[in-house]
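The primary structure of each chain is shown beneath.
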Amino acid sequence: MSTASGFMACVLLLVSVGMYFAPDGVKDRVRSTVTDSLRPGQMAVRQTAKSFRENMAAWATKSTRSQTREIDQLHDQLRLEQSRQAALQIQLARLTDMQLREMSTPEPLRSLPRLTSSSLIDAAVLGEAVAESWRAGKLLNRGDANGVRESSLVVQSRHPLVDLGRDGELSPEDALLLGRCVIGKIERVGRWTSTFILLTDSEYRGRAQLVHQTESGFVFGAKGILKGQGTSKCRLEGIGTSDAVAIGDAVYTTNRDGLQGTPLYYGRVIEATLGVDDKEWKVLVDPVPIPRDLDSVQVLRTAINTERLAAGS
Amino acid sequence: MLRHAGILSLIYLCLVVQSSLVADLPELGRPFLPAVTLVLIVAWSNPAAGIFWSGFLGSVLDCISADRLGVQLGLATILALGLQLLKPLWRSCHALPLAAMALVICAFWRLLSQMTHAVLNGRIVDPHLVLKSAVRDATSTGIVAVVVFIIGFGLLGNILRSRNEIAAPRRRVGMAVR
């Protein structure tokens, strides 16, 4: 150890002794000077720690919310895929049934085309602002004189719009699809646009039937009427007490209301109660989730088959 | 100058963190900041400057603790002297023995501090209890010292060794030129 360091140590030890015996007034002044000089740093450290804690809490909340949102989206996708799979299985069963019938039908009758034909057409859902402008006639620069005004029924309705009307050969009651799932139907058809109601709207009515999944495949069950209630769930009415209903049963359109005879998916039974004095089951159905930012749908059109008209004439 | 400014900044940072965040922690959870800062000062500077800055750290700690002024200054000076004696051993040590040394310094400072205050206050002290509490406090806070020194001195040791390896050939060249 060098002389300088030894000298320094002695000086400091003497200072320490001096500070120990210093008067209280001197000690207080020294203390207050030191604490005042530390105050800016202390405030900065506390503020930094507080910001760090707040950012960590916000990050944790955000990541939890985004994870929850992601999980919900994955659940929705899973349900849609499951319903699509079920619809494909039913279509397969239906095609097999048709093939068997055709093989047993006499030759002349088999060549006759169907009276009606159904087809799918894509339609865009008009946003609220565009729909409002459309109803107010702001999007058309020619007025009633040229006969290009939209139908008053469509204009007066408050329901959402799709961008197809009579020009797209739509009809009232045409089903509105998302994939192979029914989400609503056409309410009023205008010249260029049409209004639609969703499954969950209180005005919605549709023929439906239960489909039970068994080990040996799908079994068609009782038929009823699916009604919207203005809430997120629908009610299936007309299921008698002698019919079987189970939670988890799928609800489809009836055979004749599907796509070329193939039933379309509505949703799943989540509640089925039968009271002592009830004449029918009280069945609650969870419909297919509808995206909040719905911008395009498919419309199931049913029209007279011109081939049949030509064959009959 | 840069080194002195760095040491002063290190001391200021240690003291503001110790007096703002650390003061809110339970006693057993209070970290080792002053002791580790002391060791870093001694490692980073020449002997006289190291003792000076160590004493400065001790004196400012006195003002924060509101105990008798001069006690921490004296203890810090004595510890810095002891560290100067041990300093030649550091260069030959690996990080783990250095971290263990830091743990011992923490315990020793706690022990010295409690004994000194007890004597100055005229209390009769049970040396076993004092030693037990000092070891307990040092262990709980020294665990962090072990982690920091394994990382810090591991890096610092490599830097010092590389500087020695560079300096040795230069000395040999210098001797050859003479």
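The following paragraphs examine the structure supplied in this document. Keep in mind that this is a model prediction, so the values were computed, not measured.

Rules used in this analysis
- Residues numbered from 1 in each chain as written.
- Chains lettered and ligands numbered in written order.
- Predicted model: local features only at pLDDT ≥ 70, side-chain atom pairs only at ≥ 80, totals over all residues.
- Heavy atoms only, no water.
- Helix = DSSP H or I, 4+ residues; strand = E, 2+ residues; numbered from the N terminus.
- Buried < 20%, exposed > 50% of the residue type's maximum accessible area, 1.4 Å probe, protein only.
- Contact = heavy atoms within 4.5 Å.
- Areas by Shrake-Rupley, 256 points an atom, 1.4 Å probe, with all protein chains shown as cover.
- Buried area = accessible area lost by both parts, 1.4 Å probe.
- Salt bridge = Lys/Arg side-chain N within 4 Å of Asp/Glu carboxyl O.
- Polar contact = N/O pair within 3.5 Å; in protein donor to acceptor, adjacent residues only side chain to side chain.
- Nonpolar A, V, L, I, M, F, W, Y, C, P; charged D, E, K, R; others polar.
- Core = buried A, V, L, I, M, F, W, Y, C linked by side-chain atoms within 4.5 Å.
- Pairing = 2+ DSSP bridges.
- Axes fitted to C-alpha atoms, helices over the stretch in contact; angles between N-to-C directions.
- Parallel < 35°, antiparallel > 145°, perpendicular 65-115°, else oblique.
- Left-handed = near helix turned anticlockwise from the far one by under 90°.
- Patch = residues over 30% accessible without salt bridge, like charges linked within 9 Å, V, L, I, M, F, W, Y side chains within 5 Å.
- Expected span 1.5 Å × (residues − 1).
- Arc of directions from axis to C-beta.

### Side note on the overall build of chain B
Tallying secondary structure elements over chain B gives 6 helices and 0 strands in all. Counted from the first residue to the last, chain B has its helices and strands arranged as α-α-α-α-α-α. A buried classification covers 41% of the 178 residues belonging to chain B. Taking the intrachain contacts of chain B between residues at least 6 apart in sequence as the baseline, contacts between residues at least 24 apart amount to 68%. Just so you have it, chain B exposes about 9,600 Å², and 71% of that area is on carbon and sulfur atoms.

### As for unusual backbone geometry
We note that Glu169 of chain A has phi near 60°; this positive angle belongs to a residue other than glycine. Checked against the element boundaries, Glu169 of chain A lands in the loop between β2 (161-162) and β3 (175-178).

### Some remarks on the interface of chain B and chain A
Between chain B and chain A, the contact holds 31 residues from the first and 24 residues from the second. Sorting the residues of chain B by area buried against chain A places Tyr12, Cys63 and Leu69 of chain B first, and these three jointly supply 25% of that buried surface. At the junction of chain B with chain A, the criterion picks out 0 salt bridges. Taken together, chain B and chain A are joined by 3 residue pairs in polar contact (both at pLDDT 80 or more). Of all the secondary structure elements, the ones that give two or more residues to the side of chain B that touches chain A are α1 (2-20), α3 (47-65) and α4 (71-90) of chain B. Broken down by element, the residue count for the side of chain B that touches chain A peaks at 10 residues, all from α3 of chain B. A per-class count over the side of chain B that touches chain A returns 20 nonpolar, 8 polar and 3 charged.

### Digging into the nonpolar core
By size, the foremost hydrophobic cluster in this structure holds 34 residues, and its most contacted members are Ile11, Leu15, Leu38, Leu57 and Trp109 of chain B. Of all the elements in the fold, those that place two or more residues in this core are α1 (3-21) and α2 (24-104) of chain A together with α1, α2 (33-44), α3, α4 and α5 (95-120) of chain B. Discounting residues that sit within four places of it in the chain, Leu38 of chain B has contacts with Ser54, Leu57, Ala76, Leu79, Leu83 and Trp109 of chain B.

### A look at the pairing of strand β10 (residues 265-273) of chain A
All names here are of chain A. One ladder, built from 3 bridges, connects strand β9 (residues 250-253) with β10; its direction is antiparallel. Across the sheet, Val251 pairs through a bridge with Gly267, a residue of β10. Inspection of the sheet shows β10 paired to strand β11 (residues 282-287) by 6 bridges, in the antiparallel sense. The residue bridging Arg268 from the neighbouring strand is Asp286, located in β11.

### Considering the packing of α2 of chain B against α3 of chain B
All names here are of chain B. The N-to-C vectors of α2 and α3 enclose an angle of 160°; their axes lie 8 Å apart at closest approach. Judged on the interaxial angle alone, α3 and α2 are roughly antiparallel. At the point where α2 passes α3, the crossing takes the right-handed sense. Judged by residue contacts, Pro34, Thr37, Leu38, Ile41 and Val42 of α2 engage Gly50, Trp53, Ser54, Leu57 and Leu61 from α3. Tallied by class, residues from the contact of α2 with α3 come to 7 nonpolar, 3 polar and no charged.

### Quick notes on a nonpolar patch on the surface
Taken together, the side chains of Phe7, Val11 and Val15 of chain A define a hydrophobic patch exposed on the protein surface, amounting to about 270 Å² of accessible area. Here Val11 of chain A shows up in helix α1.

### Some details on α1 of chain A
All names here are of chain A. Taking 1.5 Å of rise per residue, the 19 residues of α1 would be expected to cover 27 Å, and the 28 Å separating its terminal C-alpha atoms lies within 8% of that figure. All of the buried residues along α1 are Ser5, Ala9, Leu12, Ser16 and Met19. Buried residues in α1, looked at end-on, bunch into an arc of 85°, giving them a common side. Residues of α1 that are exposed and angled more than 90 degrees away from the buried face: Thr3, Phe7, Leu14 and Phe21.

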